Amino acid sequence: MTDTALRLADVATVETPIGPFTTIVDTDGAVLASGWTGDPTTLTGLVHTTLRPTALRQRDSLGAVTKAVIDYHAGDLTAIDAIAVRQRSGEFLVHAWEVLRKVPAGEPVTYTEFAGLSGRPAATRAAANACARNSAALFVPCHRVLRIGGALGGFRWGLEAKAWLLAHES
């Protein structure tokens, strides 16, 4: 694939209790990026350069992906679990994102605990970096990671959204 090759992805936005939620999926339906925004261009820059779409095709629905977003926000907290996600980075970040997908709803962990679960107990900053660089919000539930003592920490989509998600899951 050359730099000028077309890399098409599909995008859809749905309304949720905490605002519009947009998902970008690869041609096979794997989530490349997602978050609480109505503007897909805020998401494309989060996608690794080797996966980043050069063109987006607007859809009303992304099938199972859109259904999972709607069902999750309506109370089915496991609806997002089976959705494929595609993110690329270094070995630790990819592993950490896989670990995040296994943190159960309603059972948030601290950044220190997340680092331990990821196999690097001393790498709290690296664990926090995995959350910060996650392009597939909700599907890779970085909102389930808190500071020691229960403080929310950061969240790309705002602390009000993170607080809503945690309350929704508790």
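Higher on the page you've got the structure.
In short, a report on the structure. Remember, predicted model here, so these are calculated numbers, not experimental data.

Attention now goes to the sheet that holds strand 1 (residues 8-16). Sheets are built from strands that pair by backbone hydrogen bonding, the pairs being arranged parallel or antiparallel. Overall, mixed pairing links the four strands, which are arranged 3-2-1-4 in an open sheet. Whereas interior strands pair on both sides, the edge strands pair on one side only; in this sheet they are strand 3 (31-35) and strand 4 (55-58). Averaged over all pairs of adjacent strands, the angle between their axes in this sheet comes to 25 degrees, without regard to strand direction. Two strands pair when backbone bridges link them, and strand 1 and strand 4 are joined in this way by four bridges, in the parallel orientation. Each residue of the ladder has a partner; that of L8, found in strand 4, is A55.

In this section: unusual backbone geometry. With phi around 80 degrees, L138 is a residue other than glycine that occupies positive phi space. Here L138 is to be found in the loop between helix 5 (124-132) and strand 6 (145-146).

This paragraph deals with the layout of surface pockets. Its volume calculated, the largest pocket comes out at about 200 Å³. Y111, C131, A132, G154 and F155 are, among the 13 residues lining the largest pocket, the residues nearest its centre. At three residues, helix 5 tops the list of elements feeding residues into the lining of the largest pocket. In terms of residue class, the lining of the largest pocket is made up of eight nonpolar, three polar and two charged.

A few words now on the pattern of salt bridges. Here the structure, examined in full by the defined rule, presents seven salt bridges. Here D26 makes a salt bridge to R7, at a shortest N to O gap of 3.1 Å. With D26 in the loop between strand 2 (19-25) and strand 3 and R7 in the segment before strand 1, the pair connects residues that are 19 residues apart, well separated along the chain. Pair check on accessibility: D26 and R7 agree, each one buried. One salt bridge in this structure joins E169 and R144, with 2.9 Å as the shortest N-O distance. Placement of the pair is E169 in helix 6 (residues 159-169) and R144 in the loop between helix 5 and strand 6, with a sequence separation of 25 residues. One exposure class covers both E169 and R144, and it is buried. When salt bridges that share partners are traced, they join R7, D26, D28 and R86 into one network.

Criteria and cut-off values
- Residues numbered from 1 in each chain as written.
- Predicted model: local features only at pLDDT ≥ 70, side-chain atom pairs only at ≥ 80, totals over all residues.
- Heavy atoms only, no water.
- Pairing = 2+ DSSP bridges.
- Helix = DSSP H or I, 4+ residues; strand = E, 2+ residues; numbered from the N terminus.
- Axes fitted to C-alpha atoms, helices over the stretch in contact; angles between N-to-C directions.
- 1 Å grid on protein atoms, 1.4 Å probe; cavity = no way out; pocket = protein on both sides within 12 Å on 5 of 7 lines; lining within 4 Å.
- Points joined across faces, edges and corners; volume = space filled by probe spheres on them.
- Nonpolar A, V, L, I, M, F, W, Y, C, P; charged D, E, K, R; others polar.
- Salt bridge = Lys/Arg side-chain N within 4 Å of Asp/Glu carboxyl O.
- Buried < 20%, exposed > 50% of the residue type's maximum accessible area, 1.4 Å probe, protein only.

Nothing here speaks to function; it is geometry throughout.
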